[in-house]
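# Fold and contact review
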Amino acid sequence: MVDRVGKTSLMNRYSTGKFTGQYKATIGADFLSKDNIIVTDGYGQRHLVTLQIWDTAGQERFQSLGVGFYRGADACLLVYDITDPHSLDNLDHWRKEFLDQVGGGLLGLGDSSTVFPFVVLGNKMDKVCVFPFVISSKWFALTFLFHHAEWSLMFFCLFFC
Amino acid sequence: MVPREAAEEWCRTAASATIMGSMPLPHFETSAKTAESVEEAFQEAARRALLYEDYKKRMQPQLFIPPTHEPINLRRQTSSMSTLQGNGCC
């Protein structure tokens, strides 16, 4: 949840199904809700729920306005940008900040006892270029080709069919 | 570019510092632009929120009511008091 990782875009995509490539920093927090979500619980029972999604500010100068909205949350989505390694490193900070506000731990045991539901999202998968993968796996593919001819045939079918 | 392994490693370490131990945080590679895995990620968050709510309910301290085999006799006390008075200590 550093700035510009795409939190607002994710929320908009999920609740309205739309995507605008524009950037506008979130000031404080913003929220949208999505009705009639079917969720299966731990006992295999299906529930009809309404999700209230709070989109918090990522920019440092607006962060202090957003933290107050953490309290009362039932789950937290941590978002990083796949094209920015720094945003993944920052997740630690965001997770701590969140737990400080929410206090997910059991009474007297602190945050180490937390089972608070976090979900980690690596956003901007559309920007991933497949070429680095192809180049790095070239050596592997070549050795594979020579050693397991029949397997490699299946492999090629998977990739090119 | 952040490799998938690095993100999954973070998910493991973040969970290992807590009671969850070897259960890594759920990880999704999404795209708001193409809608890839967005639905799944939010669905998983909602599912876990329900599980967490249930867990919290179960972890709440319950009021302990001891089993009562014998009914408590309230009169016994007064009767012993009356015998004490009957002895006439004063």
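See the structure shown above.
Residues numbered from 1 in each chain as written. Chains lettered and ligands numbered in written order. Predicted model: local features only at pLDDT ≥ 70, side-chain atom pairs only at ≥ 80, totals over all residues. Heavy atoms only, no water.

### A closer look at the overall build of chain B
In terms of helices and strands, chain B carries three helices and one strand. The helix and strand sequence of chain B, counted from the amino end, reads α-β-α-α. (Helix = DSSP H or I, 4+ residues; strand = E, 2+ residues; numbered from the N terminus.)

### Focus: a nonpolar patch on the surface
Residues and elements named next belong to chain A. Taken together, Phe31, Trp54 and Phe69 make up a surface patch of nonpolar side chains, about 280 Å² in accessible area. Structurally, Trp54 is set in strand E2 (residues 46-56). Residue classification places Trp54 among the partly exposed residues on the basis of a relative accessible area of 36%. (Patch = residues over 30% accessible without salt bridge, like charges linked within 9 Å, V, L, I, M, F, W, Y side chains within 5 Å. Areas by Shrake-Rupley, 256 points an atom, 1.4 Å probe, with all protein chains shown as cover. Salt bridge = Lys/Arg side-chain N within 4 Å of Asp/Glu carboxyl O. Buried < 20%, exposed > 50% of the residue type's maximum accessible area, 1.4 Å probe, protein only.)

### Some details on the pairing of strand E3 (residues 76-81) of chain A
All names here are of chain A. Taken across its six residues, E3 has five buried, putting it largely inside the fold. Pairing of E3 with strand E4 (residues 118-123), which is carried by six bridges, proceeds in the parallel orientation. Each bridged residue has a counterpart across the sheet, and for Leu78 the counterpart in E4 is Val120. (Pairing = 2+ DSSP bridges.)

### Things to note about the pairing of E4(A)
Counting buried residues in E4(A) gives six out of six residues, a clear majority hidden from the surface. Pairing of E4(A) with strand E1 (residues 27-29) of chain B, which is carried by three bridges, proceeds in the parallel orientation. Within E1(B), the position partnered with A:Val120 by the bridge is B:His27.

### Quick word on the state of the cysteines
Linking two cysteines covalently through their sulfur atoms gives a disulfide. Scanning all chains against the criterion turns up zero disulfides over all chains. We note that A:Cys76 lacks a disulfide partner, and the nearest cysteine sulfur, in B:Cys11, lies 12 Å from it. (Disulfide = S-S within 2.5 Å.)

### Description of the sheet that holds E4(A)
What the three strands build is an open sheet, ordered E3(A)-E4(A)-E1(B); its pairing is parallel. Edge strands, defined here as strands with exactly one partner in the open sheet, are E3 of chain A together with E1 of chain B. On average, each strand axis in the sheet is tilted by 20° relative to the strand beside it, whichever way the strands run. Packed on one face of the sheet, helix H1 (residues 4-16) of chain B meets E3 and E4 of chain A together with E1 of chain B and runs near 155° to E1(B). (Axes fitted to C-alpha atoms, helices over the stretch in contact; angles between N-to-C directions. Contact = heavy atoms within 4.5 Å.)

### Considerations on the packing of aromatic side chains
Residues and elements named next belong to chain A. Considering all chains together, one arrives at eight aromatic pairs over all chains under this definition. Seen from their ring centres, Phe31 and Trp54 are 4.7 Å apart, and the 15° between their planes marks the pair as stacked. With Phe31 in strand E1 (residues 29-40) and Trp54 in strand E2, this pair connects stretches of sequence that are 23 residues apart. Given a relative accessible area of 38%, Phe31 falls into the partly exposed group. (Phe/Tyr/Trp six-rings, centres within 6.5 Å; stacked < 30°, edge-to-face > 60°.)

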